[in-house]
Amino acid sequence: MKPIPLKAYAYLSIGAALATIVLKGFAWLLTGSVGLLSDALESLVNLAGALMALAMLSIAERPEDEQHAFGHGKAEYFSSAFEGLLILAAAVAIAYTAIGRLLDPQPLEQLGVGLAISLAASLINLGVGRVLLVAGRRHRSITLEADAHHLLTDVWTSLGVLLGLGAVALTGWLWLDPALALLVAANIVWTGWRLLQRSAAGLMDSSLPASDQTLLVGVLERYRAQGIEFHAVRGRESGARRFISLHVLVPATWTIARSHQLAEEIDQEIRRVLPQTSVFTHLEPLDDPSSLEDIPLDR
């Protein structure tokens with residue numbers, strides 16, 4: 001069965017964003033709730049993020065070329081960073097509107113209809129968010145994962161808004177609506193900050209996650225039991241792809257053919273436990289003192 005292209009998930013996210021913008025915007029117009037306005041503004045951020053995700057996924061899937069010998073996978077980090085910045089901008093707009101409404105409370109209208117429409121929009125985000133999260137983890141796409149987490153955060157945000165509006169309907173305390181909008185803004189700031197952190201880590205070539213490193217060590221330890229040694233083991237991620245380099249120390253009496261065969265076996269074993277990985281090996285003799293002097297980056 002042919003796998004679903006990653007861009008198809010981006011189109012799904014765009015469709016969900018458009019639908020929720022219409023629904024939440026209509027709910028805000030009906031009720032006048034600044035909480036629902038904040039929810040609608042976040043859906044605009046979702047749309048911008050989904051469009052950026054589509055653009056970056058299109059770039060990331062390009063094969064390597066003369067100018068980008070290691071591929072274009074890092075384009076995905078620009079998408080998640082862009083979405084993080086949009087989230088922070090939305091938080092500022094929401095807080096500004098909420099403070100104004102706190103100073104000048106306004107009555108809310110047709111809460112029942114508005115809440116029902118907003119709930120329908122949240123269910124759309126919940127379903128699409130779960131689909132994107134599963135796809136993002138399966139395909140190791142930070143772009144899809146970032147979009148999914150944003151949609152799921154939007155669901156919890158909407159739930160908070162709905163609870164707040166329900167409290168307004170029960171108590172008549174109009175200040176609850178803008179107060180809750182400020183809490184929504186704070187939650188959005190946290191989400192945006194985490195996306196920016198993860199994007200920066202990817203662009204700075206951070207090491208492989210602990211789970212990946214454990215699998216890599218497991219492979220190398222099996223060969224160490226056979227008398228083979230390793231050093232200068234380095235790994236990094238570039239979007240969905242991993243890059244691992246290591247020096248393989250073998251007995252000096254081994255032939256080039258035998259040493260190369262071992263390197264090929266190690267390469268295949270690493271790629272078996274860590275798919276979508278490019279492995280670079282450097283062979284060295286175990287008993288040569290110079291083999292221990294080339295561990296630093298600037299040897």
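Everything numeric in this text was worked out from a predicted model, so none of it was measured.

(A) Representation of the confidence of the model for the protein. Summing up the model confidence of the protein, the mean pLDDT is 82 and the portion of residues at 70 or higher is 90%. Of all the helices and strands in the protein, helix H5 (residues 142–171) carries the lowest mean pLDDT, 76, while helix H8 (residues 256–273) carries the highest, 94.

(B) Quick look at unusual backbone geometry. At Arg140, a position not held by glycine, the phi torsion is positive, near 55 degrees. With respect to the element layout, Arg140 can be found in the loop between helix H4 (111–139) and H5. In this model, Gln276 sits at a positive phi of 55 degrees, which is unusual for a non-glycine residue. Residue placement: Gln276 occurs in the loop between H8 and strand S3 (277–285). Looking at Gln276, the relative accessible area reads 38%, which means it is partly exposed.

(C) Structural view of a nonpolar patch on the surface. Taken together, the side chains of Leu102, Trp173 and Trp175 define a hydrophobic patch exposed on the protein surface, amounting to about 340 Å² of accessible area. A relative accessible area of 48% means that Trp173 is categorised as partly exposed.

(D) Local environment of the sheet that holds strand S1 (residues 229–238). One open sheet holds the three strands; their spatial order is S1-S2-S3, and the pairing between them is mixed. In the strand order of this sheet, the two ends are held by S1 and S3, each with one partner. Sheet twist, expressed as the mean angle between neighbouring strand axes with direction ignored, is 10 degrees. Bridging between S1 and strand S2 (residues 241–250) involves eight bridges; their strand directions are antiparallel. Its bridge partner lying in S2, Glu237 is registered against Arg242. Sheet strands in contact with helix H7 (residues 210–224) are S1 and S2, and its direction is about 155 degrees off that of S1. Running at roughly 150 degrees to S3, H8 makes contact with S1, S2 and S3 of the sheet.

(E) Seen up close, the nonpolar core. Ranked by size, the top nonpolar core spans 18 residues in total, and within it Tyr9, Ile14, Leu47, Val128, Leu132 and Leu144 carry the most contacts. Looking at which element gives the most residues to this core, the answer is helix H1 (residues 6–31), with six residues. Look past the residues within four positions of Ile14 in its chain and what remains in contact with it is Leu47, Ala50, Leu51 and Leu54. The next biggest cluster of nonpolar side chains, apart from the first, holds 16 residues, and it includes Tyr223, Leu246, Val248 and Leu262.

(F) The arrangement of the layout of surface pockets in detail. Estimated volume of the largest pocket: approximately 550 Å³. Together, 25 residues line the largest pocket, and Ala60, Glu61, Ala240, Arg241 and Gln276 are the ones closest to its centre. Secondary-structure elements contributing two or more residues to the lining of the largest pocket are H1, helix H2 (34–60) and S2. In this structure, the second largest pocket occupies an estimated 260 Å³ of space.

Criteria and cut-off values
Residues numbered from 1 in each chain as written. Predicted model: local features only at pLDDT ≥ 70, side-chain atom pairs only at ≥ 80, totals over all residues. Heavy atoms only, no water. pLDDT = per-residue confidence, 0-100. Helix = DSSP H or I, 4+ residues; strand = E, 2+ residues; numbered from the N terminus. Buried < 20%, exposed > 50% of the residue type's maximum accessible area, 1.4 Å probe, protein only. Patch = residues over 30% accessible without salt bridge, like charges linked within 9 Å, V, L, I, M, F, W, Y side chains within 5 Å. Areas by Shrake-Rupley, 256 points an atom, 1.4 Å probe, with all protein chains shown as cover. Salt bridge = Lys/Arg side-chain N within 4 Å of Asp/Glu carboxyl O. Pairing = 2+ DSSP bridges. Axes fitted to C-alpha atoms, helices over the stretch in contact; angles between N-to-C directions. Contact = heavy atoms within 4.5 Å. Core = buried A, V, L, I, M, F, W, Y, C linked by side-chain atoms within 4.5 Å. 1 Å grid on protein atoms, 1.4 Å probe; cavity = no way out; pocket = protein on both sides within 12 Å on 5 of 7 lines; lining within 4 Å. Points joined across faces, edges and corners; volume = space filled by probe spheres on them.

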